[in-house]
Amino acid sequence: MTARTGMLAAAVLAFRRDFLLALRHWGQVAQPLVFFVMVTTLFPLALGPDLAQLREIAAGTLWVAALLASLLGLELLFRADHADGTLEQLLLSGQPLAILALAKGLAHWAVCGLPLVLLAPLVAFSLGVPPGASCAIMLSLGLGTGILSALGAIGSALTLGLRRGSLLLGLLVLPLAMPALIFGARAIDLAVHGDSARGPLLLLSAMLALCVTLAPPAVAAALRISSE
Amino acid sequence: MNWTWLHKLASPPHAYGIAGRLTPWFGWPAGALIVAGLYGGLVLAPPDYQQGDAFRIVYVHAPSAWLSMLVYGTMAVAAAIGLVWRIKLAHAAAAAAAPIGASFTALALATGAIWGKPMWGTWWVWDARLTSELILLFLYAGVMALRASIDDRDRADRAAAVLAIVGIVNLPIIHYSVYWWNTLHQPATLSKLGKPSMAGDMLWPLLVMLLGFTLYFGAVLLVRLRAEILRRERDAGWLRTGLAQ
């Protein structure tokens, strides 16, 4: 990729590179997923196996577990690129950094968020959620993990190369993610009780649109600051 | 347009001097207004027909809550100025403002909890306003923690600035989503200035306290800004010659 490569072509290249790298280290990619399943297993163990009770807390459980798992997955976003100098090459490539950041974020979502979304109905079923809610669950978590990837990318870019970076990352990202948690969990909760989840899902979509447009410039600015 | 006056103003020796001279102009009126507001609120205002004397904590609670948000706004604006025009003084002001804002947020939470005890019968209720104050405290904590974990001052300034701006964009979203999530609280005390829901003799001490707290924030910000300038410029020549005189 040089300065003369088209912007879109550069973005596709960045996406392909990250996606392939992730597939070739799929053990790393699977870790947040295993974590997600484990956290959701903790709740029945802690609260008892009563499915009626578990159904009441299923929405919150799924969302909190997804939030924590995606926090864990953020380690994979920029850290390796920062360590081996790829990030500096991207900075020097003459391409708009915000677009590259968007492509990297998309690749990250495809390997960290998407599998979690596909797995979620299964986990929800184990918590006593009726299969009819699967569609709302996948939509809610699909939009939600996108928001989390965008917000997480900002935090991850700001904490690059810091000593206690991953601890700090949680402190920075979790408060920002709380609105998504509110609407996402609400959508699942409505679906679990057989109501229409349309309202919160539309609000989540609006948040995702806001994140996708506003986060890339912020990530680009943060990457520039962190790699000076 | 000639901007040299701005850069002269923003130079540390100048700002240090001006901040020192301005501090009493904020501090004394703040003290007078707070004393007057407290007298009006605790002595002159009649007890509430429902809440009795318990409502009087509003004279500390509402100004603290107002400042918790005003300070975040101030911090974000200062951070944006520092980021865009590369003015170090603005970063110093943002760094000085963050702990003040966190303190006001903590004060708003504490007074809210104390108010909640007679009103709800419990110290803590997951009510929309208290919860969004709590999240605001987390946001302050994030900005302060990020600044504290980066050793290089320039990078710390700019990283904290980006986070503060991201936070201010998110703040309305957080506020309204938490509000939507739970509206158990009474409607805002000062929702419309045109048609206040409080009686006049209860309202004026509150307005006086709001102004007093705001001026107090100005005074503390100036004092902290001077301390921040001293810390940042501790090796600078102007400071040594200034101290020697």
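Relevant structure appears above.
Note that this is a predicted model, so its numbers are computed, not measured. (Residues numbered from 1 in each chain as written. Chains lettered and ligands numbered in written order. Predicted model: local features only at pLDDT ≥ 70, side-chain atom pairs only at ≥ 80, totals over all residues.)

> Any chance you could explain the overall build of chain B here in plain terms?
Helices and strands together make up the secondary structure of chain B, namely eight helices and zero strands. Seen in sequence order, chain B has helices and strands lined up from the N terminus as α-α-α-α-α-α-α-α. Expressed along its principal axes, the backbone C-alpha trace of chain B runs to roughly 60 × 40 × 35 Å. In chain B, the proportion of contacts linking residues at least 24 apart, taken out of those at least 6 apart, comes to 78%. (Helix = DSSP H or I, 4+ residues; strand = E, 2+ residues; numbered from the N terminus. Contact = placed C-beta atoms within 7 Å.)

> What exactly am I supposed to notice about unusual backbone geometry here?
With the exception of glycine, most residues fall at negative phi, and the peptide bonds are largely trans. All names here are of chain B. Despite not being glycine, Arg86 shows a phi value in the positive range, around 55°. In this structure, Arg86 sits in the loop between helix 3 (58–85) and helix 4 (88–120). The class of Arg86 is exposed, set by 12 C-beta atoms lying within 10 Å. (Buried ≥ 20, exposed ≤ 12 C-beta atoms within 10 Å, placed from the backbone.)

> What is the right way to look at the interface of chain B and chain A in this model?
Accessible area lost upon the coming together of the parts serves often as the stated size of an interface. Contacts between chain B and chain A engage 21 residues on the former and 20 residues on the latter. When residues of the side of chain B that touches chain A are assigned to their parent elements, the largest contribution, twelve residues, is made by helix 6 (residues 153–181) of chain B.

> Is there a simple way to think about the nonpolar core in this case?
General note: in soluble globular proteins, nonpolar side chains tend to be found buried as a group. Among the nonpolar cores identified, the biggest contains 144 residues, and Leu62(A), Ala222(A) and Ala94(B) are the most heavily contacted of them. Top element by residues in this core is helix 8 (residues 165–192) of chain A. It accounts for 19 residues. Ignoring sequence-local partners within four residues, the contact set of Leu62(A) consists of Thr40(A), Ala120(A), Val123(A), Ala124(A), Ile137(A), Leu141(A) and Ile188(A). (Core = buried A, V, L, I, M, F, W, Y, C linked by C-beta atoms within 7 Å.)

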